[in-house]
Amino acid sequence: MPTPAHPSHRYTLTAIVLHWLLAVLIVGTFLVGWQMADMPFSPQRLKLYNWHKWAGSVILALSALRLLWRLFHRPPADVPMTPVQRTAAHATHHLLYLLFFAVPLVGWAYSSAAGFPIVVFGLVPLPDFVPVDKALAAAIKPWHGWLAYSLAVLVVLHVAAALKHHFIDRDGLLHRMVPGRA
């Protein structure tokens, strides 16, 4: 059985923290969005919508930080795998990064077009991403949902692949992203 990844074959602590922070925020925001969409109009629904928008704004900012970090800090080399697995892994990662930006940006565009401003944490107003336009809002709204579900599917695939590498391949891949494991 291979030993856990050597520290030089691990992600940096910053990359690990950003990965897990984004993972928790994305899963939590998806679950809140899923719940609030079917709720009747109420103060609780409005609170959840605001939380969802705040979380989306934080996800967008952290995604930009994560992308910048990734551009200037080379990730560890791939663990041994077939060319098909490597291509699938790289494609999945590229799509994940794309959706880290697309989901919140489309949500922001929808909120702006619908005339619902985003005020992060009730303190920082974001500018309207697009002008108020109810027809545009109606056209954008389903895209936010479709992109969010696409992101959820990719997250499930990503987790399944990591678990496969850990429990079946036993190649140390998961140890590269677990905090405190050297």
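Chemist: When you look at helix H2 (residues 43-72) in this model, what are you seeing that I'm missing?
Modeler: With 30 residues, H2 extends 44 Å from end C-alpha to end C-alpha; this agrees with the ideal 44 Å at 1.5 Å per step. All buried positions along H2 are accounted for by Arg45, Leu48, His52, Lys53, Ala55, Gly56, Ser57, Ile59, Leu60, Leu62, Ser63 and Arg66. For H2, the elements touching its buried residues are helix H1 (13-37), helix H3 (83-114), strand S1 (119-120) and helix H4 (134-169).

Chemist: Which parts of the structure should I look at to understand the packing of H2 against H3?
Modeler: Between two packed helices, what matters for the description is the angle formed by their axes and the separation of those axes. Look at H2 against H3: their axes get within 9 Å of each other, and the N-to-C directions meet at 145°. At the point where H2 passes H3, the crossing takes the left-handed sense. Residue-level contacts link Lys53, Gly56, Ile59, Leu60, Ser63, Ala64, Arg66, Leu67 and Arg70 of H2 to Tyr97, Phe100, Phe101, Pro104, Leu105, Trp108 and Ser111 of H3. Residues that form the contact of H2 with H3 fall into these classes: 10 nonpolar, three polar and three charged.

Chemist: Is there a simple way to explain the packing of aromatic side chains in this structure?
Modeler: Two descriptors summarise a pair of aromatic rings, namely the distance from one centre to the other and the angle between the planes of the rings. Counted by the stated rule, this structure contains six aromatic pairs. Ring centres of tryptophan 108 and phenylalanine 129 lie 5.0 Å apart, and the angle between their planes is 25°; on these two criteria the pair is classed as stacked. Within this pair, whereas tryptophan 108 is found in helix H3, its partner phenylalanine 129 is found in the loop between strand S2 (124-125) and H4, the two being separated by 21 residues in sequence. Judged by relative accessible area, tryptophan 108 falls into the buried class, the value being 16%.

Chemist: How should I be thinking about the side chain of arginine 66 in this particular structure?
Modeler: Looking at where arginine 66 falls in the secondary structure, it is placed in helix H2. The buried charged residue arginine 66 lacks any salt bridge partner; its closest oppositely charged side chain belongs to aspartate 78, at an N-O distance of 12 Å. Discounting chain neighbours no more than four positions away, the residues touching arginine 66 are Leu18, His19, Leu22, Tyr97 and Phe100.

Criteria and cut-off values
Residues numbered from 1 in each chain as written. Predicted model: local features only at pLDDT ≥ 70, side-chain atom pairs only at ≥ 80, totals over all residues. Heavy atoms only, no water. Helix = DSSP H or I, 4+ residues; strand = E, 2+ residues; numbered from the N terminus. Expected span 1.5 Å × (residues − 1). Buried < 20%, exposed > 50% of the residue type's maximum accessible area, 1.4 Å probe, protein only. Contact = heavy atoms within 4.5 Å. Axes fitted to C-alpha atoms, helices over the stretch in contact; angles between N-to-C directions. Left-handed = near helix turned anticlockwise from the far one by under 90°. Nonpolar A, V, L, I, M, F, W, Y, C, P; charged D, E, K, R; others polar. Phe/Tyr/Trp six-rings, centres within 6.5 Å; stacked < 30°, edge-to-face > 60°. Lys, Arg positive; Asp, Glu negative; His and termini not counted. Salt bridge = Lys/Arg side-chain N within 4 Å of Asp/Glu carboxyl O.

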